[in-house]
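Here is how the chains run, residue by residue.
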Amino acid sequence: MDFFAHFKIWVLTLCLVFQSGYGFYLPGSYPHNYGIGDTLSVKVNSITSIETEIPFSYYSLPFCKPLEGVKDSAENLGEVLMGDRIENSPYKFKMHTNETDIFLCRTDPLSGDHFQLLKKRIDEMYQVNLILDNLPAIRYAKKESYFLRWTGYPLGIKVQDAYYVFNHLKFTVLVHKYEEANVARVTGTGDGSELIPTVGSGGSELPGYMVVGFEVVPCSVMHDAQSVKNLKPYEKYPSPIKCDPTTVAMLIKENEPIVFTYEVTFEESDIKWPSRWDAYLKMEGSKVHWFSILNSLMVITFLAGIVLVIFLRTVRRDLTRYEELDKEAQAQMNEELSGWKLVVGDVFRAPTNSGLLCVMVGDGVQILGMAVVTVMFAALGFMSPASRGTLIIGMLIFYMILGIAAGYVAVRLWRTIGCGDKKGWVSVSWKVACCFPGIAFLILTTLNFLLWGSHSTGAIPFSLFVVLIFMWFCISVPLTLVGGYFGAKAPHIEYPVRTNQIPREIPAQKYPSWLLVFGAGTLPFGTLFIELFFIMSSIWMGRVYYVFGFLLIVFVLLVVVCAEVSLVLTYMHLCVEDWKWWWKSFFASGSVAIYIFLYSVNYLIFELKSLSGPVSEALYLGYSLLMALAIMFAMGSVGFLSSFWFVHYLFSSVKLD
């Protein structure tokens, strides 16, 4: 059966699947239709804080536990790597049924350890994260004339020297009436499929509803622990509860229990199911974000255009003059020859540590390809925040697959530098497969030991470490070796000129060339520093980042500017008869990573002022260092490959005797 026959069958199968489902939804984002009275179960995620950046399990604190016991929800690899630990909770609702004054539980008297831990977590500003139908609980806080949106709610608050806990939650569930009656009642959510029981009889059904919003208002209410001593969960609290978020009353004391209660209100909303994430994605400062990014893109595009035009005109004029000189007298031509024309016999001389350069370029191509493909899929909506962990999983999958490209580029470059010699291609492939992953593994393992010592849910379990090592050596390494094999089979790139046996002496420079190389990273950094602020805020300040369309534009612009900067600097070095351009072209664009890391330190000092503890700071600096190294490899490979193409094109376009 030929390719087109297979393709037709594949398309037909997809059409049948879509037709049977009456629509198409991205993974993890299926709507769930609930009948009136159906049970809605709230789940809990790890408690988090922008003060420490160390997540902990919800049940590490003295909270109410479900009657059926604590059970983990199915978590994917990306969720575990991000520190998410989703578990069931005792909070339960009935669809479209308002309830008030619901007694949840009365905890055991607080032991000394629990009392001190609770105070510590309140001091560290930990937030409780709840999830209903895959929607995080959102909290609105009024500040002057506008509302701020936050996910989760604070564990408690400190007033003077007293600590108060939020022990009463006022939930508001926004629902939208299900509009399509012909869809089967067996539907799925991101956590799996459930059978929705049919409501009503005699051929008539009550309307179904979809959850389109989940809001919470935390209150601190003084409860009488003795009056609820004999109450069972979900029974009515003996007296009416008034939830006033502006006052606090539930003071925590050692050897005294805490009573937890809640209430829930259902409101019908005009928000349709596909738009239910808009409240999370449209965070405060969105207008500043859009206009700042647009302004940055316009300015940097204008500057890059000027650099490109000047550069092309200069090179074209230089080539034209050189070809005209070839027609003049020999003596006059020798007098006119200068700059890059004099290093024709040395420009393709193998650089020092050429093997390391090939490895770093190969790893850079792999990281660059992974970033481009991941951001493209995210911009198309395949990695929405509704599908937790898919972004991390996508990055891992694309990185492993692109090991083929890494091995191919590194080995072919190795053979080009060695003038076609295939010897050592297996060693180069192995080094490519182990260089950057090895650095990342070392950094992450060190940070993981710190998280293990803190008993944080952010620590990667040992079993997951085994899985990651298996993926590394059983998937990524073989694919890199396959790419290296194809690179060894592919013809190497022929140099347009011959290399002299004796290297030419490089004239003394007025200024250190490396100073200019490292200074070149400022222009690429200017293309992304505004977007970098929002990315850092989403990672470390608990905000949702979902403008991947703009990120894709900024990323493409960054690649273009890195290529241009490296080309310009390579040309400048050749003009002063400096033929050692290989490493300098790599670091000319790769030096943007230095400024990104310095910006990360600046962000830590001025934006994350409250980040407390050496463990939190070590985590921040460790992840920032890993990010900077990945960007150095990726942008360095862009600069080197563009410079290599330019030098090859330049010396193959002139007539040489």
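Residues numbered from 1 in each chain as written. Predicted model: local features only at pLDDT ≥ 70, side-chain atom pairs only at ≥ 80, totals over all residues. Heavy atoms only, no water.

Trainee: It is not clear to me how unusual backbone geometry should be interpreted in this structure. Could you clarify?
Mentor: Note on backbone geometry: most residues besides glycine have negative phi, and most peptide bonds are trans. Look at His96: it is not a glycine, yet its phi comes out positive at around 60 degrees. As for its placement among the helices and strands, His96 is situated in the loop between strand 2 (87–94) and strand 3 (99–106). Not every positive phi belongs to a glycine, and Asn134 is a case in point at roughly 70 degrees. The class of Asn134 is buried, set by a relative accessible area of 7%. (Helix = DSSP H or I, 4+ residues; strand = E, 2+ residues; numbered from the N terminus. Buried < 20%, exposed > 50% of the residue type's maximum accessible area, 1.4 Å probe, protein only.)

Trainee: Can you walk me through the nonpolar core in this structure?
Mentor: General note: in soluble globular proteins, nonpolar side chains tend to be found buried as a group. Counting 150 residues, the largest nonpolar core has Phe93, Leu130, Phe171, Phe214 and Phe651 as the members making the most contacts within it. Considering each element in turn, this core owes the most residues, 17 residues, to helix 17 (residues 614–652). Counting 9 residues, the second-largest nonpolar core is a separate cluster that includes Cys219, Val221, Val228 and Ile241. (Core = buried A, V, L, I, M, F, W, Y, C linked by side-chain atoms within 4.5 Å.)

Trainee: Looking at this structure, how should I read helix 8 (residues 390–401)?
Mentor: The periodicity of an α-helix, 3.6 residues per turn, causes residues three or four places apart in sequence to face the same way. Look at helix 8: 16 Å from first C-alpha to last across 12 residues, which is about the 16 Å you get at 1.5 Å a residue. Among all positions of helix 8, only Gly394, Phe398, Tyr399 and Met400 are buried. Considering only its buried residues, helix 8 is in contact with helix 7 (354–379), helix 9 (403–417), helix 10 (425–453) and helix 11 (462–489). (Expected span 1.5 Å × (residues − 1). Contact = heavy atoms within 4.5 Å.)

Trainee: Is there a simple way to explain the packing of helix 13 (residues 522–540) against helix 16 (residues 592–606) in this structure?
Mentor: Between two packed helices, both the angle of their axes relative to each other and the distance between the axes serve to describe the pair. Their axes nearest at 10 Å, the elements helix 13 and helix 16 cross at an angle of 35 degrees. Considering the relative orientation of helix 13 and helix 16, their crossing is right-handed. Residues Thr522, Pro524, Phe525, Leu528, Phe529, Leu532, Phe533, Met536 and Ser537 of helix 13 touch helix 16, and the partners they reach there are Val592, Tyr595, Ile596, Tyr599, Ser600 and Tyr603. Of the residues in the contact of helix 13 with helix 16, the class split is 12 nonpolar, 3 polar and no charged. (Axes fitted to C-alpha atoms, helices over the stretch in contact; angles between N-to-C directions. Left-handed = near helix turned anticlockwise from the far one by under 90°. Nonpolar A, V, L, I, M, F, W, Y, C, P; charged D, E, K, R; others polar.)

Trainee: Is there a simple way to explain the packing of aromatic side chains in this structure?
Mentor: Any pair of aromatic rings gets described here by the distance separating the centres and the angle formed by the planes. Under the defined criterion, the tally for this structure stands at 44 aromatic pairs. Ring geometry for Tyr571 versus Phe646: centroids 6.2 Å apart, planes at 70 degrees, classification edge-to-face. Residue Tyr571 is found in helix 14 (residues 548–575), and its partner Phe646 is found in helix 17; the two are separated by 75 residues along the sequence. Plain terms: the ring middles of Trp581 and Phe644 are 6.3 Å apart, the flat faces sit at 40 degrees to each other, and that makes the pair tilted. Taken as a pair, Trp581 in the loop between helix 14 and helix 15 (582–590) and Phe644 in helix 17 lie far apart in primary sequence, 63 residues in all. Phe644 matches Trp581 in its accessibility class, with the two residues each being buried. By way of ring pairs, the aromatic residues Phe348, Tyr495, Trp581, Trp582, Phe640, Phe644 and Phe651 are connected into one cluster. Above the face of the Phe56 ring, Arg121 is positioned so that its terminal group lies 3.9 Å from the ring centre. The positively charged end of Arg349 is found above the aromatic ring belonging to Trp579, 5.7 Å away from the centroid. (Phe/Tyr/Trp six-rings, centres within 6.5 Å; stacked < 30°, edge-to-face > 60°. Lys NZ or Arg CZ within 6 Å of the ring centre and 35° of its normal.)

Trainee: Explanation requested: the state of the cysteines in the structure shown.
Mentor: Linking two cysteines covalently through their sulfur atoms gives a disulfide. This model, assessed by the stated rule, comprises 2 disulfides. Disulfide pairing places Cys64 opposite Cys105 at an S-S distance of 1.8 Å. With the S-S dihedral at roughly -80 degrees, the linkage between Cys64 and Cys105 falls on the left-handed side. Taken together, the residues Cys64 in the loop between strand 1 (39–44) and helix 2 (77–81) and Cys105 in strand 3 connect sequence positions 41 residues apart. The partner cysteine of Cys219 in its disulfide is Cys243, sulfur to sulfur 1.7 Å. With the S-S dihedral at roughly 70 degrees, the linkage between Cys219 and Cys243 falls on the right-handed side. Taken together, the residues Cys219 in strand 15 (residues 209–219) and Cys243 in the loop between strand 15 and strand 16 (259–268) connect sequence positions 24 residues apart. (Disulfide = S-S within 2.5 Å.)

Trainee: Where do I start with the sheet that holds strand 5 (residues 130–132) in this structure?
Mentor: Two pairing modes exist for strands in a sheet, parallel and antiparallel, and in both the strands are linked by backbone hydrogen bonds. If you walk across this open sheet you meet the 4 strands as 2-1-5-6, and the pairing is antiparallel. Looking at which strands have only one partner, the edges of the open sheet turn out to be strand 2 and strand 6 (135–136). Where strand 5 lies against strand 6, 2 bridges are found, and the strand directions are antiparallel. Looking at strand 6, one finds that Leu132 is bridged to Leu135. (Pairing = 2+ DSSP bridges.)

Trainee: Would you take a moment to explain the confidence of the model for the chain for this structure?
Mentor: Atomic detail in the predicted coordinates should be set aside for any region of low pLDDT. With 82% of its residues at a pLDDT of 70 or more, the chain has an overall mean of 82. Between residues 1–28, whose pLDDT stays under 50, and residues either more than four places distant or in other chains, the model counts 17 contacts. Taken as a whole, residues 181–204 scores under 50 in pLDDT and shows 40 contacts with residues more than four places along the chain or in a different chain. (pLDDT = per-residue confidence, 0-100.)

Trainee: Please clarify how a nonpolar patch on the surface should be interpreted in this entry.
Mentor: A cluster of nonpolar side chains, namely Ile404, Tyr408, Val482, Tyr485 and Phe486, defines an oily patch on the protein surface of about 420 Å² accessible area. Counting residues per element, the ones that place at least two in the nonpolar patch are helix 9 and helix 11. Per element, the largest residue contribution to the nonpolar patch is 3 residues, and it comes from helix 11. Here Tyr408 is to be found in helix 9. (Patch = residues over 30% accessible without salt bridge, like charges linked within 9 Å, V, L, I, M, F, W, Y side chains within 5 Å. Areas by Shrake-Rupley, 256 points an atom, 1.4 Å probe, with all protein chains shown as cover. Salt bridge = Lys/Arg side-chain N within 4 Å of Asp/Glu carboxyl O.)

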